[in-house]
Amino acid sequence: MNPLKYSANRLQNQDLKLFWHLIQLGFQQQFSYRAANLAGLMTNFFFGLLRASVMIALYAARTDVAGMSLQDAVTFTAFSQAIIAYLSLFNWWRVMLAVYSGEIASELLKPTNYFTFWLAQDIGRAIAHFLTRGLTIMAAYALFFKITVPQTVGQWLALAVTLVLSLLVSFGWRFLINLTAFWTPDARGIGRIAFGLSWFLSGFMMPLRFFPDWFVRLCHLTPFPAMVNTLLEVYLGLLEGRALLGALAQQVLWVIALFALCQLVMRAGVRKLVIQGG
Amino acid sequence: MYRRLVGANMRGQMQYRVAFLLDLVGTGIGTAAAFGTLALILQRFENIAGWTLAEIALLYGLVETAFGLMDMIFSGFDPGTFGQQVRRGTFDQMLLRPLGLTLQVFGSDFALRRLARIFQGAAVLGYALIAAGIRWTLLKVLFIPVVLASLVCFFGALFIVGATITFWTVESIEVVNIFTYGGVEMMSYPMEVYHPWLRRFFTFIIPGIFVNYYPALYLLDRPDPLHMPAFAPLLAPVVGGGMLLAALAFWNFGIRYYQSTGT
């Protein structure tokens, strides 16, 4: 066997192994915050009850709004509460904290791309949150309300794909925001604005199809609908055929764009850090 | 003395002007997201349980403005940050100083960045007062500051209770958020949209219904769909003041039994 090829293979294997270990690490970390996760779960659920109540009052006697039945709309409130933790929609400051504390210096020495280092851990975190804060909320909701569940194998497959893509878009966005910490001591303030924008424009607060057309068009110029709205519409089975493929393709494009941007900005940031001597 | 503590605190915050501005914008966007969504959605749905946008704006504006004010004045008691003080032992330092403890906690933080929330709330409230078709009387004009003060006391009481509980739990207990932030969310909408059980909880256990919903019914001359006695709107200052006094009593009780974490 060609020795060069052999070592390339081995390197790839090692990378994958490391990636897998980091996923496990991110997964396990979540289980040391049991009290916080329980409190978060209860808060998410309570807010969900309020949102469902408002939705029911909004519908009043209507049976169908923009292609969504009342049951779909209530399911929307359930599902959007269930993905808060999975997508880390409200905050995520890990990289910012590492930059400010200086921990980043030792983390950069690790034999892996810094972006991938966090991506793997975030995937682990997301899997843990999916199980502890996602499925549980959906189950709790099902006790109180009749909720919509995907019916066909195709729908479940599309859901699996879009779940992964949504997480990647969300991670790319969060990582990018955190990188501002390289240039300013106020990354948290910038982050707050960024997260606030994402609630407004992603379709998290209300399904985008309830909004006026001009507003929806505005939203689609941003990556935010690819984080939440697409995921919700796929779950509710509102997209079919070409519309579904188009939405998934849009997500893929955002993943590529955001990931590339992350790498570029990160390189610039690290260079600045090195020049300053850390 | 309180003024000097708060003054020092505010001067400190003004040293970080960019951070302060960003905080203003950030909080503003969060608030705008909530009310903006409502405004856009109601173009399609017209009303919620018979309440128009301007009428809901009254509920929302009152509760947001008051919560912002409370969050600024009572931020020393914010259960999240107060829990950290207890854990790190900075609270123990306060015990050593020859100054009233409650005063020190009040003076320990005065979160100026809450101004954004107050502005935003006041803007929505202003819109409601103009657009909701209120038939003004002198009594109603005088009643609005009373309602705001009652709401501030109400939420302040929840903060103090949350802070006091951390004497025992040490961990900051995020469940308190359900009553504070959850209370704000809940009280931003007319109470009749909620399930009777939720409503009963916010009537008899945490009586938030009296500090926002009933005053709003009175201001708007709306009939009461829940059939409470006619004097219900007047209970606002009684409930607000009573809860604050009860919370302070609980706080004093907590201080007497407090044992440091030893850190």
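Described in the following lines is the structure provided in the data block. Numbering of residues starts from 1 in each chain and follows the order in which that chain's sequence is written. The naming scheme follows written order: chains are lettered A onward, ligands numbered 1 onward. For a predicted model such as this one, the threshold for reporting local features is a pLDDT of at least 70, and the threshold for listing and counting side-chain atom pairs is 80 or more; totals across whole chains, interfaces and linings nevertheless cover every residue.

**Some words on the overall build of chain B**
Logical step 1: A run of H or I in DSSP counts as a helix once it spans at least four residues, and a run of E counts as a strand once it spans at least two, with each numbered from the N terminus. Assigned secondary structure in chain B consists of 12 helices and 0 strands.
Logical step 2: Order of helices (α) and strands (β) in chain B, N terminus to C terminus: α-α-α-α-α-α-α-α-α-α-α-α.
Logical step 3: As a reference, a globule follows 2.2 Å times the number of residues to the power 0.38, and the radius of gyration itself is taken over C-alpha atoms. In terms of overall size, chain B behaves like a compact globule, its C-alpha atoms giving a radius of gyration of 19 Å where 263 residues would be expected to give roughly 18 Å.
Logical step 4: The principal-axis extent of the C-alpha atoms belonging to chain B is close to 55 × 45 × 35 Å.
Logical step 5: Neighbour density around each residue's C-beta defines its exposure: 20 or more other C-beta atoms within 10 Å make it buried, 12 or fewer make it exposed, and counts between make it partly exposed, where C-beta atoms are placed from the backbone. When each of the 263 residues of chain B is scored for burial, the buried share is 42%.
Logical step 6: Once local pairs closer than 6 in sequence are excluded, the contacts in chain B between residues at least 24 apart make up 84%. Two residues qualify as a contact pair if the distance between their C-beta atoms, derived from the backbone, is within 7 Å.

**Quick word on the overall build of chain A**
Logical step 1: The secondary structure content of chain A amounts to 11 helices and 2 strands.
Logical step 2: Mapped in sequence order, the helices and strands of chain A form the string α-α-β-β-α-α-α-α-α-α-α-α-α.
Logical step 3: When the backbone C-alpha atoms are referred to their principal axes, chain A occupies close to 65 × 50 × 40 Å.
Logical step 4: Residues counted as buried form 42% of the 278 residues belonging to chain A.
Logical step 5: Of all intrachain contacts in chain A linking residues separated by at least 6 positions in sequence, the fraction that spans at least 24 positions is 81%.

**So, the interface of chain B and chain A**
Logical step 1: Taken together, the contact between chain B and chain A spans 32 residues of the former and 29 residues of the latter.
Logical step 2: Elements supplying a minimum of two residues to the side of chain B that touches chain A: α2 (17–45) and α9 (176–187) of chain B.
Logical step 3: It is α2 of chain B that contributes the most residues to the side of chain B that touches chain A, 16 residues altogether.
Logical step 4: Counted by class, the side of chain B that touches chain A contains 19 nonpolar, 8 polar and 5 charged residues. Here the term charged refers only to Asp, Glu, Lys and Arg, the term nonpolar to Ala, Val, Leu, Ile, Met, Phe, Trp, Tyr, Cys and Pro, and the term polar to all other amino acids, Gly among them.

**Some remarks on helix α3 (residues 53–73) of chain B**
Logical step 1: In a regular helix each residue adds 1.5 Å, so 21 residues correspond to 30 Å; α3 of chain B covers 29 Å between its end C-alpha atoms and thus fits that length.
Logical step 2: Burial within α3 of chain B is extensive, with 18 of its 21 residues counted as buried. For a helix, the expected span equals 1.5 Å multiplied by the number of residues minus one.

**Things to note about the nonpolar core**
Residues and elements named next belong to chain B.
Logical step 1: By convention the nonpolar core is taken to be a set of buried residues drawn from Ala, Val, Leu, Ile, Met, Phe, Trp, Tyr and Cys and joined through C-beta atoms within 7 Å. By size, the foremost hydrophobic cluster in this structure holds 140 residues, and its most contacted members are Leu62, Ala66 and Leu151.
Logical step 2: No other element matches helix α8 (residues 138–169), which puts 14 residues into this core.
Logical step 3: Those residues within four positions of Ala66 in sequence are excluded, and the remaining contacts are Leu148, Leu151, Val152 and Phe155.

**Considering the environment of Phe167 of chain B**
Residue and element names in this part refer to chain B.
Logical step 1: Tracing the sequence through the fold places Phe167 in helix α8.
Logical step 2: Taking the number of C-beta atoms within 10 Å as the measure of exposure, Phe167 has 20 and is therefore buried.
Logical step 3: Each C-alpha atom of the pair Phe167 and Ala57 lies 38 Å from the other, and the pair is 110 residues apart in sequence.
Logical step 4: The residues contacting Phe167, other than those within four sequence positions of it, are Val86, Gly254 and Tyr258.

**Looking at helix α7 (residues 115–131) of chain B**
Residue and element names in this part refer to chain B.
Logical step 1: Its 17 residues place the ends of α7 24 Å apart at the C-alpha level, agreeing with the 24 Å of an ideal helix rising 1.5 Å per residue.
Logical step 2: Restricting attention to buried positions, one finds in α7 the residues Ala116, Arg117, Ile118, Gln120, Gly121, Val124, Leu125 and Ala128.
Logical step 3: If you follow the buried residues of α7, they end up packed against α2 and α3.
Logical step 4: Two residues or fewer after α7 comes Gly133, characterised by a positive phi angle close to 65 degrees.

**A short note on the packing of helix α4 (residues 79–88) of chain B against α8 of chain B**
Residues and elements named next belong to chain B.
Logical step 1: Look at α4 against α8: their axes get within 9 Å of each other, and the N-to-C directions meet at 25 degrees. Looking at the two axes, α4 sits roughly parallel to α8. Relative to α8, the crossing made by α4 is right-handed. Taking contact as the criterion, the partners of Pro79, Phe82, Gly83 and Val86 in α4 are, on α8, Phe159, Gly162, Ala163, Thr166 and Phe167.
Logical step 2: Taken together, the residues of the contact of α4 with α8 break down into 6 nonpolar, 3 polar and no charged. Every axis corresponds to a line fitted to the C-alpha atoms, with the helix fit spanning only the stretch in contact, and the corresponding angles, defined between N-to-C directions, vary from 0 to 180 degrees. Orientation categories follow fixed angle ranges, with anything under 35 degrees roughly parallel, anything over 145 roughly antiparallel, 65 to 115 roughly perpendicular, and all other angles oblique. Handedness of each helix crossing follows the sense of rotation of the near helix against the far helix: counterclockwise by less than a right angle gives left-handed, clockwise gives right-handed.

**Description of unusual backbone geometry**
Residue and element names in this part refer to chain A.
Logical step 1: Unusually for a residue other than glycine, Ala66 sits at a positive phi of about 50 degrees.
Logical step 2: Here Ala66 lies in the loop between β1 (64–65) and β2 (68–69).
Logical step 3: The partly exposed category is assigned to Ala66, around which 13 C-beta atoms lie within 10 Å.
Logical step 4: Phi at Ser88 takes a positive value of approximately 50 degrees, unusual for a residue other than glycine.
Logical step 5: Within the fold, Ser88 resides in the loop between α3 (70–86) and α4 (94–101).
Logical step 6: Taking the number of C-beta atoms within 10 Å as the measure of exposure, Ser88 has 20 and is therefore buried.

**Re the packing of helix α8 (residues 187–201) of chain A against α2 of chain B**
Logical step 1: Packing of α8 of chain A against α2 of chain B brings their axes to within 8 Å, and their N-to-C directions diverge by 10 degrees. One way to sum up the angle between α8 of chain A and α2 of chain B is to call them roughly parallel. Judged by residue contacts, Gly189, Ile190, Arg192, Ile193, Gly196, Leu197, Trp199 and Phe200 of chain A of α8 of chain A engage Ala19, Leu22, Asp23, Val25, Gly26, Ile29, Gly30, Ala33, Gly36 and Thr37 of chain B from α2 of chain B.
Logical step 2: Of the residues assigned to the contact of α8 of chain A with α2 of chain B, the class counts are 10 nonpolar, 6 polar and 2 charged.

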